[in-house]
Amino acid sequence: MLFQEEFREIARRCGRFRLVNVLSDDELEGCEKGFISAELIRKHAPVDGDYSVFVCGPQAMNDFVDAEIAELGLRPKFVRHELLGEYRNPGRNADYPEGARGRRFKLDVSVCGASYSIDCYADETLLRAMERNGIAAPSECRSGECGWCHSRLVSGTVYVPEAVDGRRQADLQFGYVHPCCSFPTSDLAIDVPPCRN
Ligand code: FES
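Every residue gets a number counted from 1 within its own chain, in the order that chain's sequence is written. Given that this is a predicted model, residues contribute local features only at a pLDDT of at least 70 and side-chain atom pairs are listed and counted only at 80 or more, while totals for whole chains, interfaces and linings are drawn from all residues.

### Some points on the domain arrangement of the protein chain
We note that the domain assignment places domain 1 (4-83) and domain 2 (98-192) within the protein chain. Domain extents, as shown, originate in an automatic or database domain assignment. Once you take the C-alpha centre of each, domain 1 and domain 2 turn out to be 31 Å apart. A helix here means a DSSP run of H or I that spans at least four residues, while a strand means a run of E at least two residues long, and both kinds are numbered starting from the N terminus. If you list the elements that add at least two residues to the side of domain 1 that touches domain 2, you get helix H3 (59-70) and strand E4 (79-83). Here the element with the most residues in the side of domain 1 that touches domain 2 is E4; it accounts for four residues. As a working rule, the residues Ala, Val, Leu, Ile, Met, Phe, Trp, Tyr, Cys and Pro are called nonpolar, Asp, Glu, Lys and Arg charged, and the rest polar, with Gly in that last group. A per-class count over the side of domain 1 that touches domain 2 returns one nonpolar, two polar and four charged.

Right, dumping it as C-alpha coordinates:
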(Lines give C-alpha, C1' and ligand atoms only; values in the text may rest on other atoms or scores of the structure.)
Protein backbone atom coordinates (compact mmCIF):
# COMPACT_ATOMS: atom_id res chain seq x y z
CA MET A 1 0.00 0.00 0.00
CA LEU A 2 1.70 3.10 -1.26
CA PHE A 3 1.97 6.40 0.57
CA GLN A 4 0.15 5.19 3.68
CA GLU A 5 1.64 7.83 5.94
CA GLU A 6 0.98 10.61 3.48
CA PHE A 7 -2.64 9.55 2.93
CA ARG A 8 -3.27 9.17 6.65
CA GLU A 9 -1.88 12.63 7.23
CA ILE A 10 -4.20 14.08 4.58
CA ALA A 11 -7.15 12.27 6.19
CA ARG A 12 -6.19 13.72 9.57
CA ARG A 13 -6.12 17.23 8.21
CA CYS A 14 -9.10 17.11 5.88
CA GLY A 15 -12.53 16.03 7.05
CA ARG A 16 -13.69 15.51 3.46
CA PHE A 17 -10.99 12.96 2.71
CA ARG A 18 -11.43 9.32 3.69
CA LEU A 19 -8.92 6.60 2.99
CA VAL A 20 -10.29 3.10 2.37
CA ASN A 21 -7.78 0.40 1.51
CA VAL A 22 -9.19 -2.52 -0.44
CA LEU A 23 -6.95 -5.57 -0.56
CA SER A 24 -7.69 -8.18 -3.19
CA ASP A 25 -6.15 -11.12 -1.31
CA ASP A 26 -4.92 -10.34 2.17
CA GLU A 27 -7.06 -9.88 5.25
CA LEU A 28 -5.94 -6.94 7.31
CA GLU A 29 -7.77 -5.22 10.10
CA GLY A 30 -9.28 -1.92 9.01
CA CYS A 31 -9.11 -2.82 5.31
CA GLU A 32 -11.73 -4.11 2.92
CA LYS A 33 -11.01 -7.41 1.24
CA GLY A 34 -11.88 -8.23 -2.38
CA PHE A 35 -12.26 -6.09 -5.48
CA ILE A 36 -13.67 -2.60 -5.78
CA SER A 37 -17.32 -3.26 -6.50
CA ALA A 38 -20.37 -1.03 -6.90
CA GLU A 39 -21.53 -2.22 -3.49
CA LEU A 40 -18.23 -1.19 -1.91
CA ILE A 41 -18.32 2.23 -3.55
CA ARG A 42 -21.88 2.81 -2.34
CA LYS A 43 -20.91 1.68 1.14
CA HIS A 44 -18.06 4.15 1.49
CA ALA A 45 -19.38 6.98 -0.68
CA PRO A 46 -23.15 7.05 -0.21
CA VAL A 47 -23.64 10.17 -2.33
CA ASP A 48 -26.85 11.42 -3.92
CA GLY A 49 -26.68 13.20 -7.24
CA ASP A 50 -23.66 13.56 -9.51
CA TYR A 51 -20.17 12.65 -8.37
CA SER A 52 -16.97 11.56 -10.09
CA VAL A 53 -15.04 8.32 -10.00
CA PHE A 54 -11.35 8.34 -10.91
CA VAL A 55 -9.87 4.96 -11.77
CA CYS A 56 -6.16 4.28 -11.99
CA GLY A 57 -4.70 0.84 -12.49
CA PRO A 58 -3.91 -1.89 -14.99
CA GLN A 59 -6.35 -2.75 -17.75
CA ALA A 60 -7.70 -5.89 -16.07
CA MET A 61 -8.67 -3.84 -13.03
CA ASN A 62 -10.25 -1.17 -15.21
CA ASP A 63 -12.32 -3.78 -17.00
CA PHE A 64 -13.65 -5.17 -13.73
CA VAL A 65 -14.29 -1.81 -12.12
CA ASP A 66 -15.98 -0.43 -15.24
CA ALA A 67 -18.59 -3.18 -15.11
CA GLU A 68 -19.23 -2.33 -11.46
CA ILE A 69 -19.34 1.41 -12.09
CA ALA A 70 -21.97 0.83 -14.78
CA GLU A 71 -24.31 -0.23 -11.96
CA LEU A 72 -23.89 3.17 -10.32
CA GLY A 73 -25.64 4.85 -13.24
CA LEU A 74 -23.11 7.66 -13.62
CA ARG A 75 -22.93 9.57 -16.86
CA PRO A 76 -19.69 8.83 -18.81
CA LYS A 77 -18.17 12.25 -18.16
CA PHE A 78 -18.12 11.50 -14.42
CA VAL A 79 -15.89 8.46 -14.85
CA ARG A 80 -12.24 9.16 -15.58
CA HIS A 81 -9.50 6.62 -16.20
CA GLU A 82 -5.77 6.64 -16.08
CA LEU A 83 -4.45 3.42 -17.52
CA LEU A 84 -1.12 2.01 -16.54
CA GLY A 85 -0.08 1.48 -20.12
CA GLU A 86 -1.95 1.49 -23.37
CA TYR A 87 -5.15 -0.35 -24.10
CA ARG A 88 -4.29 -3.72 -25.57
CA ASN A 89 -6.03 -6.67 -27.14
CA PRO A 90 -9.30 -4.98 -28.16
CA GLY A 91 -10.44 -8.19 -29.85
CA ARG A 92 -11.41 -9.74 -26.53
CA ASN A 93 -14.26 -7.24 -26.12
CA ALA A 94 -17.74 -8.53 -26.87
CA ASP A 95 -18.52 -5.53 -29.08
CA TYR A 96 -15.35 -5.83 -31.18
CA PRO A 97 -16.28 -5.97 -34.91
CA GLU A 98 -15.61 -9.51 -36.11
CA GLY A 99 -14.83 -8.41 -39.66
CA ALA A 100 -11.70 -6.56 -38.53
CA ARG A 101 -10.12 -9.35 -36.53
CA GLY A 102 -6.58 -10.24 -37.63
CA ARG A 103 -6.58 -7.87 -40.58
CA ARG A 104 -4.17 -5.20 -41.75
CA PHE A 105 -5.43 -1.89 -43.08
CA LYS A 106 -4.00 1.08 -44.98
CA LEU A 107 -3.67 4.25 -42.93
CA ASP A 108 -3.15 7.55 -44.75
CA VAL A 109 -1.75 10.21 -42.44
CA SER A 110 -1.61 13.91 -43.06
CA VAL A 111 0.55 15.82 -40.56
CA CYS A 112 2.47 19.11 -40.74
CA GLY A 113 1.90 19.40 -44.50
CA ALA A 114 3.32 15.93 -45.18
CA SER A 115 1.45 12.80 -46.19
CA TYR A 116 2.24 9.19 -45.41
CA SER A 117 0.63 5.90 -46.31
CA ILE A 118 1.36 3.14 -43.81
CA ASP A 119 0.01 -0.20 -42.61
CA CYS A 120 -1.98 -0.44 -39.40
CA TYR A 121 -2.85 -3.79 -37.85
CA ALA A 122 -6.31 -4.35 -36.42
CA ASP A 123 -4.95 -4.83 -32.91
CA GLU A 124 -2.70 -1.77 -32.82
CA THR A 125 -3.77 1.78 -32.25
CA LEU A 126 -3.43 4.40 -34.95
CA LEU A 127 -0.88 6.14 -32.74
CA ARG A 128 1.18 3.00 -32.34
CA ALA A 129 1.17 2.43 -36.12
CA MET A 130 2.35 6.00 -36.75
CA GLU A 131 5.13 5.69 -34.20
CA ARG A 132 6.19 2.33 -35.61
CA ASN A 133 6.62 4.11 -38.93
CA GLY A 134 8.58 7.03 -37.49
CA ILE A 135 5.79 9.60 -37.76
CA ALA A 136 5.89 12.15 -34.95
CA ALA A 137 2.32 12.35 -33.64
CA PRO A 138 1.24 14.14 -30.46
CA SER A 139 0.49 12.03 -27.37
CA GLU A 140 0.41 12.34 -23.61
CA CYS A 141 -1.82 10.02 -21.60
CA ARG A 142 -2.12 7.38 -24.35
CA SER A 143 -5.45 6.31 -22.89
CA GLY A 144 -8.09 8.60 -24.39
CA GLU A 145 -8.25 11.00 -21.45
CA CYS A 146 -6.25 14.14 -22.20
CA GLY A 147 -7.29 14.85 -25.79
CA TRP A 148 -3.71 15.72 -26.74
CA CYS A 149 -3.74 13.41 -29.78
CA HIS A 150 -7.18 14.59 -30.98
CA SER A 151 -7.23 14.07 -34.78
CA ARG A 152 -9.79 14.27 -37.56
CA LEU A 153 -10.90 11.02 -39.10
CA VAL A 154 -11.11 12.01 -42.75
CA SER A 155 -12.36 8.63 -43.97
CA GLY A 156 -12.74 5.07 -42.76
CA THR A 157 -13.86 3.61 -39.46
CA VAL A 158 -12.32 2.78 -36.10
CA TYR A 159 -13.17 0.72 -33.06
CA VAL A 160 -12.81 2.52 -29.73
CA PRO A 161 -13.13 0.38 -26.57
CA GLU A 162 -15.79 1.87 -24.32
CA ALA A 163 -13.41 2.01 -21.35
CA VAL A 164 -11.12 4.49 -23.12
CA ASP A 165 -13.61 6.34 -25.28
CA GLY A 166 -13.06 9.93 -24.21
CA ARG A 167 -14.75 11.44 -27.25
CA ARG A 168 -17.30 14.16 -26.65
CA GLN A 169 -20.53 14.72 -28.53
CA ALA A 170 -18.86 17.29 -30.80
CA ASP A 171 -16.07 14.82 -31.62
CA LEU A 172 -18.61 12.25 -32.73
CA GLN A 173 -20.50 14.85 -34.73
CA PHE A 174 -17.47 16.27 -36.55
CA GLY A 175 -15.51 13.02 -36.88
CA TYR A 176 -12.67 13.42 -34.39
CA VAL A 177 -10.89 10.48 -32.76
CA HIS A 178 -8.09 9.85 -30.32
CA PRO A 179 -5.47 7.85 -32.24
CA CYS A 180 -4.00 6.61 -28.94
CA CYS A 181 -7.02 4.37 -28.34
CA SER A 182 -8.58 3.97 -31.79
CA PHE A 183 -8.16 0.69 -33.66
CA PRO A 184 -8.74 0.48 -37.43
CA THR A 185 -11.69 -1.46 -38.80
CA SER A 186 -11.21 -0.38 -42.44
CA ASP A 187 -8.69 1.48 -44.59
CA LEU A 188 -8.71 5.01 -43.28
CA ALA A 189 -7.25 8.50 -43.43
CA ILE A 190 -6.56 10.88 -40.56
CA ASP A 191 -5.52 14.47 -40.24
CA VAL A 192 -3.13 14.80 -37.29
CA PRO A 193 -2.27 18.09 -35.54
CA PRO A 194 1.39 19.10 -35.29
CA CYS A 195 3.38 17.30 -32.62
CA ARG A 196 3.44 19.49 -29.48
CA ASN A 197 5.33 17.08 -27.19
S1 FES B 1 -2.80 10.95 -25.81
FE2 FES B 1 -4.30 11.58 -24.40
S3 FES B 1 -6.13 11.26 -25.46
FE4 FES B 1 -4.63 10.45 -26.78
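### Description of the environment of Val154
Along the chain, the position of Val154 falls in strand E7 (residues 151-155). In this structure, the C-alpha to C-alpha distance between Val154 and Leu188, residues 34 residues apart in sequence, is 7.4 Å.

### Structural notes on H3
Take the number of residues in a helix, subtract one, and multiply by 1.5 Å to get its expected span. The end-to-end C-alpha distance of H3, which contains 12 residues, comes to 16 Å, matching closely the 16 Å that a straight helix rising 1.5 Å per residue would cover. For the purpose of contact definition, each residue receives a C-beta atom placed from its backbone, and two residues are in contact when these atoms lie within 7 Å. At its buried positions, H3 is contacted by helix H2 (38-44), strand E3 (53-57) and E4.

### Section: the environment of Val109
Within the fold, Val109 resides in strand E5 (residues 104-111). Linking Val109 and Val154, residues 45 residues apart in sequence, is a C-alpha distance of 9.5 Å.

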